[in-house]
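Structural description and commentary
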Amino acid sequence: MSDPAATIAVCPICPHHCRLKEGEAGFCRARANQGGTVRSLSYGKLTSAALDPIEKKPLYHFRPGSAIFSVGTFGCNLRCPFCQNYTISQAGADGFSGSPLAMEKARPEDVVRAASRLAREAGNIGVAFTYNEPLVGFEFVRDTASLLREADLAVVLVTNGQIESGLWERLLPLVDAANIDLKGFTQDFYDWIGGDLETTKEAIRLAAVRGVHVEVTTLVIPTKNDSREEMDAEGAWLASISPEIPLHLSRYFPCYRTEIPGTPVETLQGLRAVAQKHLRRVHLGNV
């Protein structure tokens, strides 16, 4: 007789394809093998909720001037040593580094109900899944997005794009807009943060060609992804999809486990000039 404890389940969500023993959580800390199936640990467990300006996502060209109800859970399938939201992105179901997280249990219909109330009271346009990496909680995003569509509310994702293309294509018909982090434009950079460049590129391409409003953010980190040659390649590749894709070049400041000095404004300005050779809308952030 086989030992149930030895049953291995493979997570289908992202390129890590974590092979998990019974009870074991994956790289993202938000999914685990439960009874031979990889299930979400973060379903409906909200760690963050706020009504934000849409520009904060950042989305500058999707219903500008509006507000959106933003929610987050916990976990992430990258290990960015510069993460600003590391207390939730690098947390698991038991919290961060032994410290429990404040979590509010919410069903998809609870989120939609809150979003609808905020639409009436504060002009809210929908829900943004953000703060941690929303796609490690794929099922909660999918279920909530479906109800938001029925309620005629917008669905926005702020994501690193580390998702298998088949699942991504299943979700895209429910998505109105996405800001996708293109962390760098070399696999060496993605090796540093524990991800796969081609997966994010495919997520950007698929979202754009499927009619989702896409904006892209690159956090510029000195000595890591700040070369003009790399930005020229990134801008040219984005323009090959559409020169209308907005690109946000964001200024880095030391955070979490990184002590690299912050990005000089002059560096951002120079990279914007490079990107503008290919793209019509290039914005600077955190300046």
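Residues numbered from 1 in each chain as written. Predicted model: local features only at pLDDT ≥ 70, side-chain atom pairs only at ≥ 80, totals over all residues. Heavy atoms only, no water.

Another point: the layout of surface pockets. If you add up the space inside the largest pocket, you get close to 980 Å³. Lining the largest pocket are 36 residues, and of these Lys57, Gln84, Asn85, Val158 and Asp181 lie nearest its centre. Contributing elements (two or more residues each) for the lining of the largest pocket: strand 10 (154-159), strand 11 (177-181), strand 12 (213-220), strand 13 (247-251) and strand 14 (282-285). Partitioning the lining of the largest pocket into residue classes produces 13 nonpolar, 16 polar and 7 charged. (1 Å grid on protein atoms, 1.4 Å probe; cavity = no way out; pocket = protein on both sides within 12 Å on 5 of 7 lines; lining within 4 Å. Points joined across faces, edges and corners; volume = space filled by probe spheres on them. Helix = DSSP H or I, 4+ residues; strand = E, 2+ residues; numbered from the N terminus. Nonpolar A, V, L, I, M, F, W, Y, C, P; charged D, E, K, R; others polar.)

So, on to the nonpolar core. By size, the foremost hydrophobic cluster in this structure holds 71 residues, and its most contacted members are Phe129, Leu157, Trp168, Leu171 and Leu249. Filtering out sequence-adjacent residues up to four positions away, leucine 249 remains in contact with Thr218, Val220, Met231, Leu268, Leu271, Arg272, Val282, His283, Leu284 and Gly285. Among the nonpolar cores identified, the runner-up in size contains 9 residues, and Phe62, Ile125, Val156 and Ala177 belong to it. (Core = buried A, V, L, I, M, F, W, Y, C linked by side-chain atoms within 4.5 Å. Buried < 20%, exposed > 50% of the residue type's maximum accessible area, 1.4 Å probe, protein only. Contact = heavy atoms within 4.5 Å.)

We now examine the pairing of strand 3 (residues 31-34). Taken together, the 4 bridges between strand 3 and strand 4 (residues 37-40) define a ladder with antiparallel strand orientation. Counterpart to asparagine 33 in the pairing with strand 4 is valine 38. With antiparallel pairing between neighbouring strands as the criterion, strand 3 and strand 4 make up a hairpin whose turn holds 2 residues, including glycine 35 at a positive phi of roughly 65°. (Pairing = 2+ DSSP bridges.)

Geometric values such as these leave the question of function open.
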